[in-house]
Amino acid sequence: MKRYTEKELKILNQQLKGISPEEIIQWVILNSKRPLVTTNFRPYEVAILHAVSKIKSDVQVVWCDTGYNTPQTYKHAREVIDTLDLNVKVYMPKQTAAYRDAMFNGIPQVDSADHDEFTRQVKLEPFQRAMREQQPDIWFTNLRKGQTAFRNSIDILSYSKDGLLKVSPFYHWSDQKLDLYLEEHGLPNEHKYFDPTKVLANRECGLHA
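Residues numbered from 1 in each chain as written. Predicted model: local features only at pLDDT ≥ 70, side-chain atom pairs only at ≥ 80, totals over all residues. Heavy atoms only, no water.

Peer 1: Describe the packing of aromatic side chains, naming the residues involved and giving the relevant values.
Peer 2: Within the structure shown, the criterion is met by eight aromatic pairs. Where Trp63 meets Tyr74, the ring centres are 6.0 Å apart and the plane angle is 50°; that geometry is what we call tilted. Placement of Trp63 in strand β2 (residues 60–64) and of Tyr74 in helix α4 (residues 71–84) is noted, with a sequence separation of 11 residues between them. Given the relative accessible area of 7%, Trp63 is considered buried. Classification of Tyr74 by relative accessible area gives partly exposed; the value is 28%. Here a set of aromatic residues connected by ring pairs shows up, and it is made of Phe41, Trp63 and Tyr74. Just above the ring of Tyr91 sits the side chain of Lys89; from NZ or CZ to the centre is 5.7 Å. (Phe/Tyr/Trp six-rings, centres within 6.5 Å; stacked < 30°, edge-to-face > 60°. Helix = DSSP H or I, 4+ residues; strand = E, 2+ residues; numbered from the N terminus. Buried < 20%, exposed > 50% of the residue type's maximum accessible area, 1.4 Å probe, protein only. Lys NZ or Arg CZ within 6 Å of the ring centre and 35° of its normal.)

Dropping the structure here:
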């Protein structure tokens, strides 16, 4: 997909604001050779997985599993993968949780000197490895306005730190609107989710900002 200027991106985002996620996804996939969806199976992630896989059934899905998910999240992930027949590639940290527990005495606090290294091990390195191996030209995400201060500053289309076009078709959708989407399509959701790198729900994890 072509690289858009800041002005072109702003115009496109204005045009896409009133368009359905399905239409956005169709347009993007039509102009993409290696689309990729990332997921952590947090609440409402099933929406982007359903919407993209409905249009491209074999789309590559990358799950960077920190190893610290709740039992509910793991069961939810299994259900979603099976229900949608997803083409999932799982990336995990190179170090075990037991190793990190020994090195960091458990999960480091956000203000701890060890937190940056912990985040690098459990999230950033697996993600960067996934992107190197998969080499996508488009990155579908379920980022939405109102989640974090950083996410309020982007839009449906934005660029990653590495210049990859990120597409967030549900960017302007509320939880209530997504609840209706899940109900309409008979999709499961799971709210018992834990991200060991964020601690606070409105804190950015580092992959996007």
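Peer 1: So what's going on with unusual backbone geometry? Which residues, and what values?
Peer 2: Although it is not a glycine, Phe41 sits at a positive phi angle of roughly 60°. As for its position among the elements, Phe41 is in the loop between β1 (35–39) and α3 (45–55). The phi angle at Tyr44 is positive, at roughly 75°, despite the residue not being glycine. Checked against the element boundaries, Tyr44 lands in the loop between β1 and α3.

Peer 1: Can you tell me about the sheet that holds β1, naming the residues and giving the values?
Peer 2: Sheet architecture is open: six strands sit in the order β3-β2-β1-β4-β6-β5, paired in mixed fashion. Looking at which strands have only one partner, the edges of the open sheet turn out to be β3 (87–91) and β5 (157–159). Pairwise comparison of adjacent strand axes, ignoring direction, gives a mean angle of 30° for this sheet. Along the sheet face, helix α6 (residues 115–134) touches β1, β2, β3 and β4 (138–140) and points at about 135° away from the line of β3. (Pairing = 2+ DSSP bridges. Axes fitted to C-alpha atoms, helices over the stretch in contact; angles between N-to-C directions. Contact = heavy atoms within 4.5 Å.)

Peer 1: Please provide a residue-by-residue account of the environment of Met92, values included.
Peer 2: Here Met92 lies in the loop between β3 and α5 (97–104). Filtering out sequence-adjacent residues up to four positions away, Met92 remains in contact with Asp65, Pro126 and Arg129.

Peer 1: Before we move on, can you summarise the nonpolar core with the specific residues and values?
Peer 2: Core analysis: the largest hydrophobic core is formed by 41 residues, its most contacted members being Leu49 and Phe140. The element contributing the most residues to this core is α3, with six residues. When neighbours within four sequence positions are excluded, Phe140 is seen to be in contact with Ile25, Val28, Ile29, Pro35, Leu36, Val37, Thr38, Val52, Val167 and Pro169. (Core = buried A, V, L, I, M, F, W, Y, C linked by side-chain atoms within 4.5 Å.)

Peer 1: An account of the pairing of β3 is requested, with residue identities and associated values reported.
Peer 2: Sheet topology note: the β2/β3 ladder contains five bridges and is parallel. In the strand pairing of β3, Gln60 is matched with Asn87. Considered for its hand, the β-α-β crossover made up of β2, α4 and β3 is right-handed. (Right-handed = clockwise from strand over helix to strand, strands pointing away.)

Peer 1: Pulling in residues and values, what's your account of helix α1 (residues 6–16)?
Peer 2: Considered for burial, the residues of α1 that qualify are Leu9, Leu12, Asn13 and Leu16. Around the axis of α1, the buried residues are gathered within 100° of arc, so they sit on the same side. Exposed residues pointing more than 90 degrees away from the buried face of α1 are listed as Lys7, Lys10, Gln14 and Gln15. Looking at the buried side of α1, the elements it contacts are α2 (21–30), β5 and β6 (165–167). (Arc of directions from axis to C-beta.)

Peer 1: Could you give an account of the pattern of salt bridges, naming the residues involved and the relevant values?
Peer 2: Applying the stated criterion to the full structure yields seven salt bridges. Bridged by salt links that share partners, the residues Lys94, Glu125 and Arg129 form one connected network. (Salt bridge = Lys/Arg side-chain N within 4 Å of Asp/Glu carboxyl O.)

Peer 1: Describe in detail the side chain of Glu125, supporting the description with residues and values.
Peer 2: By the element assignment, Glu125 lies in helix α6. A polar atom in the side chain of Glu125 sits 2.7 Å from the side chain of Arg129. (Polar contact = N/O pair within 3.5 Å; in protein donor to acceptor, adjacent residues only side chain to side chain.)

Peer 1: Pulling in residues and values, what's your account of the pairing of β2?
Peer 2: Of all five residues that make up β2, five are buried, and the element is covered over most of its length. The two faces of β2 match: Gln60, Val62 and Cys64 on one face and Val61 and Trp63 on the other face are all buried. The pairing of β1 with β2 spans four bridges and is classified as parallel. Looking at β2, one finds that Thr39 is bridged to Trp63. Where the polypeptide runs from β1 across α3 and back to β2, its parallel neighbour, the crossover connection is right-handed.

So yeah, pure geometry; function would need other evidence.
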